[in-house]
Structures are given as C-alpha cells and as structure tokens.
Amino acid sequence: MGIGPYERGVWLRFGRVSITGGFVLMAALVFLFDSGGLVPLIVFVALVHELGHFAAIRVFGGRVLRLHLGLVGLRIDYEGRRVGYGGEIVIALMGPIFNLGLAYGASLFGRHVGSEGAFFLAGVSLGAAVFNLLPIYQLDGGRALYCFMAWTVDADWAARVICVLSCVLIFAMLAAGVVLFLWSGWNFTLLTAAVWLLISYCKSEGSAVRCVVREF
C-alpha cells in the first residue's frame with residue numbers, strides 16, 4: 001500500500017478507482033494460468049487486506065482519495081491529519097493483521113464444519129500476511145520497519161537499511177524461485193512473486209525509502 005498521488009499510466013478510471021494497463025495485463029495472465037480456482041480467493045484476501053488499511057486510515061481521521069491498481073499492486077491514496085510515524089506503522093500493519101484475523105476465523109470455521117475450502121482460504125490469507133510483513137521496500141513490513149527506525153534512530157539510516165534488506169531478500173527469493181521451478185517443473189509462484197517485487201522496486205526508482213506523512 002502506498003500514499004500519495006500516482007497518475008502515470010492510468011488506463012481506466014471508475015470514480016475513485018484507477019486501473020493501469022499493466023494491471024489489466026497481469027490480471028489476464030493470472031486468470032490464464034489459474035487452473036485451480038485460486039484467483040477468487042486471492043482477490044477476496046486482497047480486499048480484506050485493503051479493508052484493514054482503510055479501517056486504520058478512517059480511525060486516524062483520514063479520507064481515502066483513490067484506490068490505484070497497477071502492475072506493482074494495489075495502493076491507497078489518502079489525505080488527513082498528521083498521524084506521525086506511529087500512526088503510519090499502525091496503518092501499514094493493519095492490512096496483514098486483518099489477513100491474520102481472516103486466517104484464524106477461516107481455520108476455526110473449517111475445523112467446526114470440516115470444510116477443506118475454509119482451511120485453504122486460511123492458508124492463502126496466512127501466506128498473504130507473512131508475505132506482506134517481509135521487510136521489503138514495497139511491502140507493509142518494509143514500510144513499518146522504516147517508519148519505526150526513522151522514528152527511533154534516523155531517517156537516512158533507516159532508508160539505507162531497508163534498501164539493503166530489500167535487495168538481499170528480493171534476490172534471495174529470485175534464486176529460491178528458480179530452484180523451486182527447476183525442481184518441481186511447474187511451480188513458478190515464488191519466482192513470479194520475486195519478479196514482481198523486482199519490477200516494483202525498479203519502478204519506485206529504489207533510491208530512497210520515504211515514509212510520507214502528509215499534513216493537511
């Protein structure tokens with residue numbers, strides 16, 4: 001989830017939702033290779049994740065301006081009163097927290113009724129929470145860690161640390177993704193996620209990590 005105006009490459013706009021051509025292409029490819037009906041679950045988990053961010057923004061008195069769907073994922077642009085680094089940490093972490101809550105609730109439901117689908121939903125939601133908590137620049141975990149370090153230590157030092165962590169983890173995921181794909185012969189999930197993170201990092205120009213706290 002990001003903060004701030006981002007209008008480059010907008011292809012379609014529906015009210016407060018803007019969509020880029022890159023997102024449409026990515027969605028088409030995902031649907032093309034989805035043979036197990038995983039896409040609806042991923043969409044539902046993603047919506048719950050964004051609901052967590054939205055709820056935190058509202059609690060801090062913010063107003064959502066736009067939901068941007070691009071090649072590098074979903075992002076919320078909002079405005080509101082100054083929340084500080086502490087508030088930014090809460091907003092960043094509420095998405096994964098909502099995913100963890102969904103995973104727990106789905107697992108309880110699955111155990112109660114004996115539904116394999118509920119357990120599968122719990123696994124997807126748990127995976128989304130863990131993935132988004134990684135200390136990588138584009139993810140909620142990276143944003144929260146940067147804000148915490150900038151708050152307690154120094155913003156420049158925090159930016160350097162997140163930059164190094166992002167590069168190390170992305171290339172480690174790329175290597176692991178290649179090994180998994182070669183070993184399994186078909187599973188390119190991890191490799192796809194790593195490539196997505198690499199593209200996202202390059203598009204962000206990767207020069208600095210900024211926790212944008214806007215004052216209105």
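Residues numbered from 1 in each chain as written. Predicted model: local features only at pLDDT ≥ 70, side-chain atom pairs only at ≥ 80, totals over all residues. Heavy atoms only, no water.

(A) The overall build of the protein, seen in detail. When its secondary structure is counted, the protein shows seven helices and four strands. Secondary structure elements in the protein, listed N-terminal to C-terminal, are β-β-α-α-β-β-α-α-α-α-α. When the 216 residues of the protein are sorted by exposure, 38% land in the buried category. Here the contacts in the protein between residues at least 6 apart in sequence split such that 65% fall between residues at least 24 apart. (Helix = DSSP H or I, 4+ residues; strand = E, 2+ residues; numbered from the N terminus. Buried < 20%, exposed > 50% of the residue type's maximum accessible area, 1.4 Å probe, protein only. Contact = heavy atoms within 4.5 Å.)

(B) Up close: the packing of helix α3 (residues 84-113) against helix α4 (residues 116-132). It is the contact of α3 with α4, at a shortest axis distance of 8 Å, that shows an interaxial angle of 160 degrees. By the angle between their axes, α3 is roughly antiparallel relative to α4. Read as a crossing pair, α3 and α4 show a hand that is left-handed. Between α3, through Pro96, Asn99, Leu100, Leu102, Ala103, Ala106, Ser107, Phe109, Gly110 and Arg111, and α4, the contact on the second element is made entirely by Ala118, Phe119, Leu121, Ala122, Ser125, Leu126, Ala128, Ala129 and Asn132. The residue makeup of the contact of α3 with α4, split by class, is 13 nonpolar, five polar and one charged. (Axes fitted to C-alpha atoms, helices over the stretch in contact; angles between N-to-C directions. Parallel < 35°, antiparallel > 145°, perpendicular 65-115°, else oblique. Left-handed = near helix turned anticlockwise from the far one by under 90°. Nonpolar A, V, L, I, M, F, W, Y, C, P; charged D, E, K, R; others polar.)

(C) Broad picture of the nonpolar core. By size, the foremost hydrophobic cluster in this structure holds ten residues: Ile89, Ala92, Ala144, Tyr146, Cys147, Met149, Ala150, Ala158, Ala159 and Ile162. Secondary-structure elements contributing two or more residues to this core are α3, α5 (140-152) and α6 (155-184). If we ignore the near neighbours within four places in the chain, the residues touching Ala144 are Ile89, Ala92 and Leu93. (Core = buried A, V, L, I, M, F, W, Y, C linked by side-chain atoms within 4.5 Å.)

(D) Expanded view of helix α2 (residues 38-59). Counted at 1.5 Å a residue, the expected span for α2 with its 22 residues is 32 Å, and the 32 Å between its end C-alpha atoms agrees. All of the buried residues along α2 are Val39, Val45, Val48, His49, Glu50, Gly52, His53, Ala56 and Ile57. With its phi angle positive at about 80 degrees, Gly61 sits one or two positions after the end of α2. (Expected span 1.5 Å × (residues − 1).)

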